[in-house]
Amino acid sequence: MTIRYDGKVAIVTGAGQGLGRCHAIALAARGAKVVVNDLGGSKDGVGASSEAARGVVAEIKAAGGEAIANGANVANYDEVEAMVQQAMDEWGRIDILINNAGILRDKSFTKGSIEDFKLVVDVHLMGTVNCTKACWDIMRDQAYGRIVVTSSSSGLYGNFGQSNYGAAKMAVIGLMNTLVQEGAKYNIRVNALAPTAGTRMTEGLLPQAAFDLLTPETVTPAVLFLVGEDAPNRTILAAGAGSFAVSRILETESVWLPLDEQTPEGIAAHWEQIIDPDGERELTAGFEQSMKMIGKAAEGLGIKLD
Ligand code: NAI
């Protein structure tokens, strides 16, 4: 069955080029009305121009789709609120939010400044928070919402020179993990994309032949899947060059140690058992970890819990 978005309104941030542009064009081609947001600055977040967003809107319209341009800086909550208001004035609802806008300030942790760190966190984490917050109550009231946060392998696994970016990209996973719980009863689903694509962000980092395989078009189907009616929830979907994978955070079973072994030496003695992957699993809420450990302690101590 073809997945379509007729009657749905989508906001795609950072959609003036690269992945966001591709997401916006694909959503519009499948029936969504799209707010094409882009601040239009440089790769490291300097300057602003509405040209890129307007260009993508023109492309969408030329193909018969519906779109409006917006130049909000996602790191500025007032501008984001105005963008959401623009979408509401135009189309009266917001069904899909793709938090895609991003910048880079790559430097080793030694050389990077606190200012750069804060700016990257501001755009990626607070940009995502701002846009999600501004749409959240609208989606709750509609009892429908599909939100994507854009993470990165740099956040999930680390990358030399990307401590600021990696921290921000993992932070959006933390945001997702709680929002899925708070949004569940309002039919709001939140998922994460971990893309790898040839864009200005990655230009020059890879041989041309590899870069050419990593077109944004090979990633966008993942995002379309994550914002469909039958989207999953709380999934970290990695996508690039036509491959798709799911990333998970797993926790080992846990080993309860008797009181006299609850010491650093006791942990060292049981280390192989503690890290044993047998029985490791994904927890669906922080509370599950507490319950697991309380259960283990009660069992070890022979205490009955009500
Ligand atoms: P890009 O640089 O081509 O596009 C990012 C867009 O975001 C630009 O058009 C830029 O003007 C816009 N933007 C930047 N700051 C903004 C702000 N404050 N407010 C509104 N718009 C703003 O980069 P690309 O590669 O398309 O990246 C898209 C997303 O995917 C980013 O979040 C990036 O971190 C993420 N990503 C990309 C990867 C890749 O391999 N290209 C890998 C992992 C994650």
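An unreviewed UniProt entry annotates the protein as 3-oxoacyl-ACP reductase originating from Kineobactrum sediminis. In its Sequence similarities (unreviewed entry) section, the UniProt entry covering the protein states "Belongs to the short-chain dehydrogenases/reductases (SDR) family."

Trainee: What is the right way to read helix α4 (residues 114-142) from this model?
Mentor: Side chains that are three or four residues apart share a direction in an α-helix, a result of its 3.6 residues per turn. Here α4 contains 29 residues, and its C-alpha end-to-end distance of 40 Å stays within 8% of the 42 Å for a straight helix at 1.5 Å per residue. Along α4, the sharpest kink reaches roughly 35 degrees, centred on tryptophan 136. In the stretch just after α4, alanine 143 is the one whose phi turns positive, near 55 degrees.

Trainee: Looking at this model, I keep getting lost on the nonpolar core. Mind explaining?
Mentor: A general tendency of soluble globular proteins is for nonpolar side chains to be buried together. Within the largest apolar cluster, 70 residues are counted, with the highest numbers of intra-cluster contacts made by Ala10, Ala24, Val34 and Val36. The greatest single-element share of this core, amounting to 9 residues, is contributed by α4.

Trainee: Before we go on, may I ask you to explain the UniProt feature "domain: Ketoreductase" (unreviewed entry) in the protein in this structure?
Mentor: Following the UniProt record, the feature "domain: Ketoreductase" (unreviewed entry) maps to residues 8-204 here. Between the first and last C-alpha atoms of residues 8-204 the distance is 37 Å; the span itself is 48% helix and 16% strand.

Trainee: It is not clear to me how the site of the ligand should be interpreted in this structure. Could you clarify?
Mentor: Taken together, 33 residues surround the ligand, and among them Gly14, Gly18, Ala101, Gly102 and Thr199 come closest. Contributing elements (two or more residues each) for the shell around the ligand: α1 (18-29) and α4. Of all the elements, α1 adds the most residues to the shell around the ligand, at 3 residues. Broken down by class, the residue content of the shell around the ligand amounts to 11 nonpolar, 19 polar and 3 charged.

Trainee: Whenever I open this one, unusual backbone geometry confuses me. Can you help?
Mentor: Glycine aside, negative phi is the norm for most residues, and most peptide bonds take the trans geometry. Although it is not a glycine, arginine 234 adopts a positive phi angle of roughly 60 degrees. The class for arginine 234 is partly exposed, based on 17 C-beta atoms found within 10 Å. With a phi close to 95 degrees, serine 254 is a non-glycine residue in the positive phi region.

Trainee: Whenever I open this one, the sheet that holds strand β5 (residues 145-150) confuses me. Can you help?
Mentor: Adjacent strands of a sheet pair through backbone hydrogen bonds, lying either parallel or antiparallel. Within the open sheet, the 8 strands sit side by side as β3-β2-β1-β4-β5-β6-β7-β8. Their pairing is mixed. Two strands lie at the open edges of the sheet, namely β3 (66-70) and β8 (243-247), each paired on one side alone. On average, each strand axis in the sheet is inclined to that of its neighbour by 20 degrees, with strand direction left out of account. Strand direction decides the pairing type here: strand β6 (residues 188-195) and strand β7 (residues 236-240), joined by 4 bridges, are parallel. Each bridged residue has a counterpart across the sheet, and for proline 195 the counterpart in β7 is alanine 239. Lying on the sheet, helix α2 (residues 51-62) is in contact with β2 (33-37) and β3; it crosses β3 at an angle near 175 degrees.

Cut-offs used in this document
- Residues numbered from 1 in each chain as written.
- Predicted model: local features only at pLDDT ≥ 70, side-chain atom pairs only at ≥ 80, totals over all residues.
- UniProt positions renumbered as here; feature names shortened; annotations may be inferred.
- Helix = DSSP H or I, 4+ residues; strand = E, 2+ residues; numbered from the N terminus.
- Expected span 1.5 Å × (residues − 1).
- Bend = angle between axes of the 7 residues up to and from the residue.
- Core = buried A, V, L, I, M, F, W, Y, C linked by C-beta atoms within 7 Å.
- Buried ≥ 20, exposed ≤ 12 C-beta atoms within 10 Å, placed from the backbone.
- Near = placed C-beta within 6 Å.
- Nonpolar A, V, L, I, M, F, W, Y, C, P; charged D, E, K, R; others polar.
- Pairing = 2+ DSSP bridges.
- Axes fitted to C-alpha atoms, helices over the stretch in contact; angles between N-to-C directions.
- Contact = placed C-beta atoms within 7 Å.

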